[in-house]
Amino acid sequence: MILSIKDIKKSFGEQNVLNGISLDVEKGDVVALLGPSGSGKTTLLRCMNCLETPDSGVMEFAGNSYNLSALSSREKASIRKRTGFVFQNFNLFRNKTALENVTEGLIVVRKMNRKEAVEKAEETLEKVGMASWASHYPFELSGGQQQRVAIARAIAADPEIVYFDEPTSALDPELAGEVLSVMKMLAEEGMTMVVVTHAMDFARNVSKHVIFMEHGVVVERGKTEKLFSDPEEERTRAFLRLEEI
Amino acid sequence: MLSERVLGILSDSFFRILIPGLTVTIPLTVISFSLALVIAIIVALIQFAKVKILKDIARFYVWVIRGTPLLVQLFVVFYGLPNVGILIDPFPAAVIVFAINEGAYCAETIRAGLEAVPYGQMEAGECVGMSYMQIMRRILLPQALRISFPTLANSVISMIKDTSLAANITVTEMFMATQRIVARTYEPLALYIEVGLIYLVFCTVLTRLQRYGEKKLGRYRI
């Protein structure tokens, strides 16, 4: 088990967003987090990478135990050093080229020397099909290209796990396709991934496990084939039916 | 109106006005503005980071400086402080006042720049594992300064003209040099227009520099 989360709770004021979520992720697993908007998927993902502080919750990750509601900055740094995060709206550093977006963390956080970092970044950009765009700034790239660079940035330092927060929701179907194929390739290489998504094809064909959430609780979870072909819960069935349309 | 006498005075005085412009007005502007930028960045960072007590101090500073006339500030430092035993020479006194004064305005400009950078840039930096200061120095501040650049250039242009106020605390900059020639020749109209035109030339150069700077910075877009 690379990641195990116990009983995350989070509210924004009166609004309970996460009502005690637990989750286990094996090494090499690809977990799709599904659910209607407002079900808490994104908040859950953000809690796992310390972008939000939950009211309570414990995380076992890479052999360490963390109290997510009271992380020191040292603990946050140690979590983030081993994780990658891909945002819905890419969030590439706008003042850095594609290459610099990838080398930034390698040089500043991982203290690699520049030459090594550039080699590693070029290799990673190659992998996502963006090598020939290395010297371009984000504003010169299409959304799909930006997202592929963002994926390169997230995986360049060989993280133990990569989180994807609706990585294709801001893209048209064609651009989404190029991003999804990169993610599929990563999954096939054995990258551990947790993906919040509305891309049902990806969830169905690439993910190994699916967690279906609503109102801050897990409604149903299981192996992908099982959950798609024969969901236990009526609510899951209804959601999948709607998403198919 | 432009008699030979006036033309003679104008050409004789030209270098006597220009030289203090180059040796006093411009250095005063450059030194003061550089210090103002340092102050402004520190004050903007304090306000942006929302550190309680420091933030209150920063806001107090901006409040007082923006709420009192520059001329009064010059007089307080140069004529007032000797009362408590602090004597400062005219030029350094002017530098101190201009830097502190401009710092308050530029702090607001840079703070607005920082707040204009989308929050996702900060989060992306965090997710890469960078510390707050690393993100600030390498990601947020460069973008904020890029956003603030036209307004900051505006401030320099404004400041080079404000340095004429330093004449009031005996700094022999361009305007004071002109006043002295006027006192001798009784040709205020021609001479004050002449110094005005020199200021105009200085500002034109700065405007060109601003455009050039914007083009240079334009490699990436915000």
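Examining the overall build of chain B
Here's step 1: Check the secondary structure of chain B and you find eight helices and zero strands.
Here's step 2: Listing the helices and strands of chain B from first to last along the sequence gives α-α-α-α-α-α-α-α.
Here's step 3: When its C-alpha atoms are laid out on the principal axes, chain B stretches across 75 × 50 × 25 Å.
Here's step 4: Here the analysis covers contacts within chain B between residues at least 6 apart in sequence; of these, 77% occur between residues at least 24 apart.
Here's step 5: Carbon and sulfur atoms provide 68% of the accessible area of chain B, an area that totals close to 11600 Å².
Here's step 6: One finds the centroid of the 20 positive side-chain charges in chain B at a distance of 8 Å from the centroid of its 14 negative side-chain charges.

Here we look at the packing of helix α4 (residues 90-116) of chain B against helix α6 (residues 132-162) of chain B
All names here are of chain B.
Here's step 1: At their nearest, the axes of α4 and α6 sit 8 Å apart, and the two run at 140 degrees to each other. The orientation of α4 relative to α6 falls into the category oblique. Crossing angle aside, the handedness with which α4 passes α6 is right-handed. Along the contact surface, α4 presents F98, E102, C106, T109, I110, G113, L114 and A116, while α6 presents M136, L140, L141, A144, L145, I147, S148, T151, L152, S155, M159 and D162.

Side note on a nonpolar patch on the surface
Residues and elements named next belong to chain B.
Here's step 1: Residues V51, I53, L54 and I57 make up a contiguous nonpolar surface patch of about 380 Å² in total accessible area.
Here's step 2: Among the secondary structure elements, L54 is positioned in helix α2 (residues 52-67).
Here's step 3: Assessed through its relative accessible area of 42%, L54 is described here as partly exposed.

What about the sheet that holds strand β7 (residues 161-165) of chain A?
All names here are of chain A.
Here's step 1: Ordered in space as β6-β7-β8-β3-β9-β10, the six strands form an open sheet in which the pairing is mixed. Single-partner strands in this sheet number two, and they are β6 (83-86) and β10 (217-223). The sheet shows a mean angle of 15 degrees between the axes of neighbouring strands, direction not considered.
Here's step 2: The sheet contacts of helix α5 (residues 143-155) involve β6 and β7, and relative to β6 the element is tilted by about 165 degrees.
Here's step 3: In this fold helix α6 (residues 173-188) packs onto β3 (30-34), β7 and β8 (193-196), with an angle of close to 150 degrees to the strand it touches most, β8.

With respect to the interface of chain B and chain A
Here's step 1: Listed as interface residues are 21 residues of chain B and, on the opposing side, 22 residues of chain A.
Here's step 2: Interface area, chain B with chain A, both sides summed: about 2100 Å², of which 56% is carbon and sulfur.
Here's step 3: B:E126 is the salt-bridge partner of A:R80, the closest N and O atoms lying 3.5 Å from each other.
Here's step 4: Taken together, the links from chain B to chain A amount to eight residue pairs in polar contact (both at pLDDT 80 or more).
Here's step 5: Examining the composition of the side of chain B that touches chain A, we find that eight residues originate from one element, helix α5 (residues 119-128) of chain B, more than from any other.
Here's step 6: Split by residue class, the side of chain B that touches chain A holds 10 nonpolar, six polar and five charged.

A word on the pairing of strand β5 (residues 64-67) of chain A
All names here are of chain A.
Here's step 1: Direction of pairing for strand β4 (residues 56-61) relative to β5: antiparallel, over a ladder of four bridges. Note on β5: the bridge partner recorded for V58 is N67.
Here's step 2: A loop of two residues connects β4 with β5, the two strands running antiparallel in sequence, and A62 in this loop sits at a positive phi of about 50 degrees.

Some remarks on the environment of B:Q134
Here's step 1: Counting through the fold element by element, B:Q134 comes out in helix α6.
Here's step 2: Beyond its immediate stretch of four places on either side in the chain, B:Q134 contacts A:V108, A:K111 and B:I139.
Here's step 3: At a separation of 2.8 Å, a polar atom in the side chain of B:Q134 contacts the main-chain amide nitrogen of B:S131.

Things to note about the layout of surface pockets
Here's step 1: Within this model, the largest pocket holds a volume of roughly 330 Å³.
Here's step 2: Lining the largest pocket are 18 residues; nearest its centre among them are A:S73, A:K76, A:R80, B:E126 and B:M130.
Here's step 3: Within the residue set of the lining of the largest pocket, elements represented by two or more residues are α2 (73-81) of chain A together with α5 and α6 of chain B.
Here's step 4: Looking at the lining of the largest pocket residue by residue, the classes come out as eight nonpolar, four polar and six charged.
Here's step 5: Each pocket or cavity is described by its volume, and for the second largest pocket that value is around 290 Å³.

Concerning the state of the cysteines
Here's step 1: Counted under the stated rule, the structure contains zero disulfides over all chains.
Here's step 2: Free of any disulfide, A:C47 has its nearest cysteine sulfur in A:C50, 9.2 Å distant.
Here's step 3: No disulfide involves B:C203; its nearest neighbouring cysteine sulfur is the one of B:C106, lying 15 Å away.
Here's step 4: Since its relative accessible area comes to 10%, B:C203 is described here as buried.

Details of empty space enclosed by the protein
Here's step 1: Following the criterion strictly, the structure yields one cavity of 30 Å³ or more and no others.
Here's step 2: In this structure, the largest cavity encloses a volume near 160 Å³.
Here's step 3: Contributions of two or more residues to the lining of the largest cavity are made by α2, β6, α3 (98-108) and α5 of chain A together with α5 of chain B.
Here's step 4: Top element by residues in the lining of the largest cavity is α3(A). It accounts for four residues.
Here's step 5: When its residues are assigned to classes, the lining of the largest cavity shows 10 nonpolar, four polar and four charged.

Conventions adopted
- Residues numbered from 1 in each chain as written.
- Chains lettered and ligands numbered in written order.
- Predicted model: local features only at pLDDT ≥ 70, side-chain atom pairs only at ≥ 80, totals over all residues.
- Heavy atoms only, no water.
- Helix = DSSP H or I, 4+ residues; strand = E, 2+ residues; numbered from the N terminus.
- Contact = heavy atoms within 4.5 Å.
- Areas by Shrake-Rupley, 256 points an atom, 1.4 Å probe, with all protein chains shown as cover.
- Lys, Arg positive; Asp, Glu negative; His and termini not counted.
- Charge placed at Lys NZ, Arg CZ, Asp CG, Glu CD.
- Axes fitted to C-alpha atoms, helices over the stretch in contact; angles between N-to-C directions.
- Parallel < 35°, antiparallel > 145°, perpendicular 65-115°, else oblique.
- Left-handed = near helix turned anticlockwise from the far one by under 90°.
- Patch = residues over 30% accessible without salt bridge, like charges linked within 9 Å, V, L, I, M, F, W, Y side chains within 5 Å.
- Salt bridge = Lys/Arg side-chain N within 4 Å of Asp/Glu carboxyl O.
- Buried < 20%, exposed > 50% of the residue type's maximum accessible area, 1.4 Å probe, protein only.
- Pairing = 2+ DSSP bridges.
- Buried area = accessible area lost by both parts, 1.4 Å probe.
- Polar contact = N/O pair within 3.5 Å; in protein donor to acceptor, adjacent residues only side chain to side chain.
- Nonpolar A, V, L, I, M, F, W, Y, C, P; charged D, E, K, R; others polar.
- 1 Å grid on protein atoms, 1.4 Å probe; cavity = no way out; pocket = protein on both sides within 12 Å on 5 of 7 lines; lining within 4 Å.
- Points joined across faces, edges and corners; volume = space filled by probe spheres on them.
- Disulfide = S-S within 2.5 Å.

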